[in-house]
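Analysis of the macromolecular model
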Amino acid sequence: MARAALTASATLAPFNRWAKQGTNFFPGFLRRKGTPFSFPFLSNSQRKGMALVASAATGYNGGVAEVSEAETKPRSYSWPDNKKPRICILGGGFGGLYTALRLESLVWPDDKRPQVLLVDQSQHFVFKPMLYELLSGEVDEWEIAPRFTDLLASTNVLFFQDRVKSLHPSDHSAMNGPTRSSCGGTVHLESGLIIEYDWLVLALGAESKLDLVPGATEYALPFSTLEDARRVDSKLKTLERRNFGKKSLINVAVVGCGYSGVELAATISERLQDRGIVKAINVETTICPQAPPGNREAALKVLSTRKVQLLLGYLVRSISRVEDVESSAAPAEGEVVQYVSEKYVLELQPTERGLKSQILEADLVLWTVGSKPLLPQLEPCERPHEIPLNARGQAETDETLRVKGHPRIFALGDSSALRDSNGRILPATAQVAFQQADFTGWNLWAAINDRPLLPFRYLDLGPEFQNLGEMMTLGRNDAALSPSFIEGLTIEGPVGHTARKIAYLIRLPTGEHRLKVGISWLTKTAIDSISSVQGTLSKVLSIS
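Computed from a prediction, not measured in an experiment: that's the story for all the values here. (Residues numbered from 1 in each chain as written. Predicted model: local features only at pLDDT ≥ 70, side-chain atom pairs only at ≥ 80, totals over all residues. Heavy atoms only, no water.)

1. Some points on the overall build of the protein chain
A count of helices and strands for the protein chain gives 14 helices and 24 strands. Going through the 544 residues of the protein chain one by one, you find that 51% of them count as buried. In the protein chain, 68% of the contacts between residues at least 6 apart in sequence involve partners at least 24 apart. Carbon and sulfur atoms make up 54% of the accessible area of the protein chain, which amounts to about 25900 Å² in all. (Helix = DSSP H or I, 4+ residues; strand = E, 2+ residues; numbered from the N terminus. Buried < 20%, exposed > 50% of the residue type's maximum accessible area, 1.4 Å probe, protein only. Contact = heavy atoms within 4.5 Å. Areas by Shrake-Rupley, 256 points an atom, 1.4 Å probe, with all protein chains shown as cover.)

Next comes the structure, spelled out in structure tokens:
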């Protein structure tokens, strides 16, 4: 049976909570893989070929609904209660997940409490600002990439793990209609499931844009998802094993010196230390041109103390691959064994006068330049202009985050082209999406309850939702933070590192997850402190 990526355990949230309690009395219950269960809220065509898998790998909250290949033909999803509003949220990043949690926290009339369905292609929510800490080993994967099923286990939010294929809105003809009088449209998933909704939230995010330069798609690695972080970490481990005991250095090229590129360069250079060199390439003649001066200066100071070579004022024209054949003698047989290792060549073109073209060789190329919203890929071919998009592929929205011409569709984060008071499109950052999620949840409540919607204003919020400022990690015990509420102040070094972790701990989803992660980080800090004291005492005693 082929997995169609419908996460059945989150769909059966009430069942999961009962199952957790039941296992205390029946230890063997739900432990055998492939135990079938019926799905009372699914139609007969949906039930066919489906089973709840409760394996040790997935746990009770990680069961996956399996659908046979024959069942990928179109079929309709049956909501548990067709009388209550149906909200479908596409995308489980900061915008999508936090909108779902906001809807769950609001007080609703019993007859208008909506059914909320969250769809994402991944099993995990990813707290992207802390992906770099996976490379340094500072955090564990479960801390910054928990499963959706774990986060939503104590809520009424349903979760499907699937890819969105196309959108078919029908709300353009129901602008002044009652909130529950007609369907807002349908979402078609790649598994063949068709979801009919009353309200739709577009929070699909964006993906790395690798097609800007010949060879980048084939040979460069992006760094924006959990899978990307795993791939980069695996490649670094391979290079570290290959170069163990050798004098040759590991060469890493980082394309782009915005926040992401600088944070990657700082993290990897600290990890490799004297075993490698990082070459950071940027079109601009400075790093982080949009960052506060204090953050930029702190980053330059850290990078100058590590093996980081800044190539500013250059653009990458092409990336190609060459094979490097290394020979070594096998001690047992006395034979010569040849190892083929991949190396990449980057052709650099200067953007400033006085600079010369360069050719770089690297063992690993990391790409941090450009992104493209996923929304344009979802438009139905027969109606290519159903949802108004700008040149970047973002939905045009009004100030309440509703898509223009579609009163039942909201868009936020990378999917939204909302502009600020100066006419500039808001940056596609986690902080913007976080604030927009709060407004989207409230405006959905207002729309369903026939109340006026609130216009979104970035930073025009209470202290608990205010912009935390510009933050960047520069290593295991180093960071730079420029808080928005004190102009000109930059907190850096260990103090900045601690402040950044606390700020992000507060922003983690759900109180239960924040508590678990907080305890974990405190424990690690205590262990590191004890190890440091022991190391200091050992040095003092050895000297005396």
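And the narrative resumes.
2. Things to note about the pairing of strand 23 (residues 478-482)
For strand 23, the buried fraction is high: five of the five residues fall into the buried class. Burial of strand 23 is two-sided: the residues Asp 478, Ala 480 and Ser 482 facing one way and the residues Ala 479 and Leu 481 facing the other way are all buried. In this sheet, strand 23 lies alongside strand 22 (residues 470-475) in antiparallel orientation, the contact comprising five bridges. For Met 471, the partnering residue across the bridge sits in strand 23 and is Leu 481. (Pairing = 2+ DSSP bridges.)

3. Some words on the layout of surface pockets
As a volume, the second largest pocket reaches approximately 540 Å³. Taken together, 18 residues form the lining of the second largest pocket, with His 497, Lys 501, Trp 521, Thr 525 and Asp 528 sitting closest to its centre. When residues of the lining of the second largest pocket are traced back to their parent elements, those giving at least two are helix 13 (493-507) and helix 14 (511-543). Among the elements that take part in the lining of the second largest pocket, helix 14 stands out by supplying eight residues, more than any other. Each residue belonging to the lining of the second largest pocket can be placed in one class, and the counts come to six nonpolar, seven polar and five charged. (1 Å grid on protein atoms, 1.4 Å probe; cavity = no way out; pocket = protein on both sides within 12 Å on 5 of 7 lines; lining within 4 Å. Points joined across faces, edges and corners; volume = space filled by probe spheres on them. Nonpolar A, V, L, I, M, F, W, Y, C, P; charged D, E, K, R; others polar.)

4. Quick notes on helix 9 (residues 226-242)
If you check helix 9, its first and last C-alpha atoms are 24 Å apart, about what 17 residues at 1.5 Å a residue would give, namely 24 Å. Taken together, the buried positions of helix 9 are occupied by Leu 226, Asp 228, Ala 229, Val 232, Asp 233, Leu 236, Leu 239 and Glu 240. The buried side chains of helix 9 occupy one side of the element, clustering within an arc of 155 degrees when seen end-on. In this structure, the buried residues of helix 9 make contact with helix 5 (132-136), helix 6 (141-144), strand 12 (221-222), strand 13 (250-255), helix 10 (259-272) and strand 19 (364-367). (Expected span 1.5 Å × (residues − 1). Arc of directions from axis to C-beta.)

5. Concerning the pairing of strand 8 (residues 185-189)
In terms of burial, strand 8 is a largely internal element, four of the five residues being buried. When strand 8 meets strand 9 (residues 193-197), the two strands line up antiparallel, connected through four bridges. When the bridges of strand 9 are listed, His 188 appears paired with Ile 194. The turn linking strand 8 back onto strand 9 is made up of three residues, and Gly 192 within it adopts a positive phi angle of 105 degrees.

6. Some words on the confidence of the model for the protein chain
On average, residues of the protein chain carry a pLDDT of 81, and 78% of them reach 70 or more. A low-confidence stretch, residues 173-181 stays under pLDDT 50, and its non-local contacts, those more than four residues away or across chains, total 14 contacts. Below pLDDT 50 for its whole length, residues 460-465 participates in seven contacts with residues either more than four positions away or in separate chains. (pLDDT = per-residue confidence, 0-100.)

7. Quick look at the pattern of salt bridges
As enumerated under the stated definition, the model contains 23 salt bridges in all. We note a salt bridge from Asp 198 to Arg 86, for which the minimum N-O separation is 2.9 Å. Residue Asp 198 is located in the loop between strand 9 and strand 10 (199-202), and its partner Arg 86 is located in strand 4 (residues 86-90); the two are separated by 112 residues in the primary sequence. Taken together, the shared-partner salt bridges connect Asp 233, Lys 237, Glu 240, Arg 271 and Arg 275 into one network. (Salt bridge = Lys/Arg side-chain N within 4 Å of Asp/Glu carboxyl O.)

8. Some details on the environment of Gly 488
Tracing the chain through its elements places Gly 488 in the loop between strand 23 and strand 24 (491-492). Overall, Gly 488 belongs to the exposed group, its relative accessible area being 76%. Along the backbone, Gly 488 and Pro 292 are 196 residues apart, and their C-alpha atoms lie at a distance of 8.2 Å.

9. Describing the packing of aromatic side chains
The tally for this structure, following the rule as stated, stands at 14 aromatic pairs. Taken together, a centroid distance of 5.6 Å and an interplanar angle of 80 degrees make the contact between Phe 94 and Phe 125 edge-to-face. With Phe 94 in helix 4 (residues 94-105) and Phe 125 in the loop between strand 5 (115-120) and helix 5, the pair connects residues that are 31 residues apart, well separated along the chain. No difference in accessibility class separates Phe 94 from Phe 125, as the two residues are buried. Ring centres 5.8 Å apart and planes at 40 degrees place the aromatic pair Tyr 219 and Tyr 344 in the tilted group. Taken together, the residues span a long stretch of sequence, with Tyr 219 in helix 8 (residues 216-219) and Tyr 344 in strand 17 (residues 336-350) at a distance of 125 residues. The exposure class assigned to Tyr 219 is partly exposed, which follows from its relative accessible area of 24%. Sitting over the face of the ring of Trp 199, Arg 408 holds its NZ or CZ atom 5.1 Å from the ring centroid. Over the face of the ring belonging to Trp 521 we find Lys 501, whose NZ or CZ atom lies 4.3 Å from the ring centre. (Phe/Tyr/Trp six-rings, centres within 6.5 Å; stacked < 30°, edge-to-face > 60°. Lys NZ or Arg CZ within 6 Å of the ring centre and 35° of its normal.)

10. Digging into the environment of Leu 389
Mapped onto the elements of the fold, Leu 389 is located in the loop between strand 20 (371-373) and strand 21 (409-411). With 13 residues separating them in the primary sequence, Leu 389 and Pro 376 have C-alpha atoms 7.9 Å apart.

11. Focus on the nonpolar core
Of all hydrophobic cores here, the largest spans 86 residues; its most connected members are Ile 87, Leu 97, Phe 127, Val 252, Val 262, Ile 268 and Leu 366. When residues of this core are assigned to their parent elements, the largest contribution, ten residues, is made by helix 12 (residues 430-448). Summarising the domain contributions, this core has at least three residues from each of domain 1 (75-207 + 373-449) and domain 2 (221-327 + 339-369). For Ile 87, the contacting residues outside a window of four places in its chain are Trp 79, Leu 103, Pro 114, Gln 115, Val 116, Leu 117, Trp 199, Val 201, Leu 444 and Ile 448. Membership of the second largest hydrophobic core comes to 26 residues, among which are Ile 195, Leu 200, Leu 202 and Leu 374. (Core = buried A, V, L, I, M, F, W, Y, C linked by side-chain atoms within 4.5 Å. Domains from an automatic or database assignment.)

12. As for the packing of helix 9 against helix 10
Orientation of helix 9 relative to helix 10, taken along the N-to-C sense of each, is 30 degrees, at an axis distance of 12 Å. Compared by their axis directions, helix 9 and helix 10 come out roughly parallel. When the axes of helix 9 and helix 10 are compared, the crossing they make is right-handed. Contacts between helix 9 and helix 10 involve Asp 233, Leu 236, Lys 237 and Glu 240 from the former and Ile 268, Arg 271 and Leu 272 from the latter. Here the contact of helix 9 with helix 10 is composed, by residue class, of three nonpolar, no polar and four charged. (Axes fitted to C-alpha atoms, helices over the stretch in contact; angles between N-to-C directions. Parallel < 35°, antiparallel > 145°, perpendicular 65-115°, else oblique. Left-handed = near helix turned anticlockwise from the far one by under 90°.)

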